[in-house]
Amino acid sequence: DQHRKPCFFYFHQKESQYFDSPPPADAKHRLEIVVPLIAKEKLVGTLQIQSAKGATFEQDDVLALQNMADQIASAVDKAMIYAEVEAERDKTTLLNEISQALSKDMDFDAITTTAVSFAKRLGATSGEIHLLADTGEVYFKSTYPERNDLSDPERQKVVREILGKGLEAWVLET
């Protein structure tokens with residue numbers, strides 16, 4: 001199987017056999033070797049080495065390049081795993097902060113204000129809480145302060161409509 005093994009490409013001054021890459025103008029030959037970067041049987045990239053001289057890579061060179069490629073692939077894999085672990089840790093830390101912030105207040109308005117304040121830290125552009133009491137009273141909290149005043153009956157009507165149709169209605173029904 002030719003795949004996932006080092007590949008050699010030879011270029012001649014007058015004809016290139018490798019896509020649209022012309023050889024260097026001052027070189028009669030050019031050799032290029034591409035070695036796969038494989039970590040845990042997964043291809044993560046390639047290592048590309050070029051030479052303006054022809055046939056400069058001996059079998060020992062190829063073995064050394066393959067060893068280097070294996071080390072690079074392993075390091076890249078470890079870095080990707082580390083980044084995933086860091087992202088998960090950051091998410092867990094944020095969820096813990098949210099939990100602590102929400103549990104310290106007993107005031108309804110303070111709790112909802114705290115809750116929507118975390119929307120941006122979760123990567124959202126905004127956040128809203130829509131509550132509808134059994135009495136029909138509407139409560140609304142948004143990261144946009146101008147939307148939070150529900151003293152106007154028209155504004156309450158808009159929030160009721162939001163709760164009655166669209167995605168919110170579907171969530172409330174399921």
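Source: prediction; values computed, not measured. (Residues numbered from 1 in each chain as written. Predicted model: local features only at pLDDT ≥ 70, side-chain atom pairs only at ≥ 80, totals over all residues. Heavy atoms only, no water.)

A tally of regular secondary structure across the protein chain gives four helices and five strands. Each helix and strand of the protein chain, ordered N terminal to C terminal, gives the series β-β-β-α-α-β-β-α-α. The proportion of buried residues among the 174 residues of the protein chain is 23%. Partitioning the contacts of the protein chain with sequence separation of at least 6, the portion at a separation of at least 24 is 37%. Carbon and sulfur atoms form 55% of the exposed surface of the protein chain, whose accessible area is close to 12600 Å². (Helix = DSSP H or I, 4+ residues; strand = E, 2+ residues; numbered from the N terminus. Buried < 20%, exposed > 50% of the residue type's maximum accessible area, 1.4 Å probe, protein only. Contact = heavy atoms within 4.5 Å. Areas by Shrake-Rupley, 256 points an atom, 1.4 Å probe, with all protein chains shown as cover.)

What follows deals with the nonpolar core. If you look at the biggest cluster of nonpolar residues, it comprises nine residues: Ile33, Val35, Leu37, Ala39, Leu47, Val62, Leu65, Ala69 and Ala73. Residue assignment for this core shows that the elements contributing at least two residues are β2 (29–39) and α1 (59–103). Of all hydrophobic cores here, the second largest spans five residues; its members include Val138, Leu150, Val159 and Leu163. (Core = buried A, V, L, I, M, F, W, Y, C linked by side-chain atoms within 4.5 Å.)

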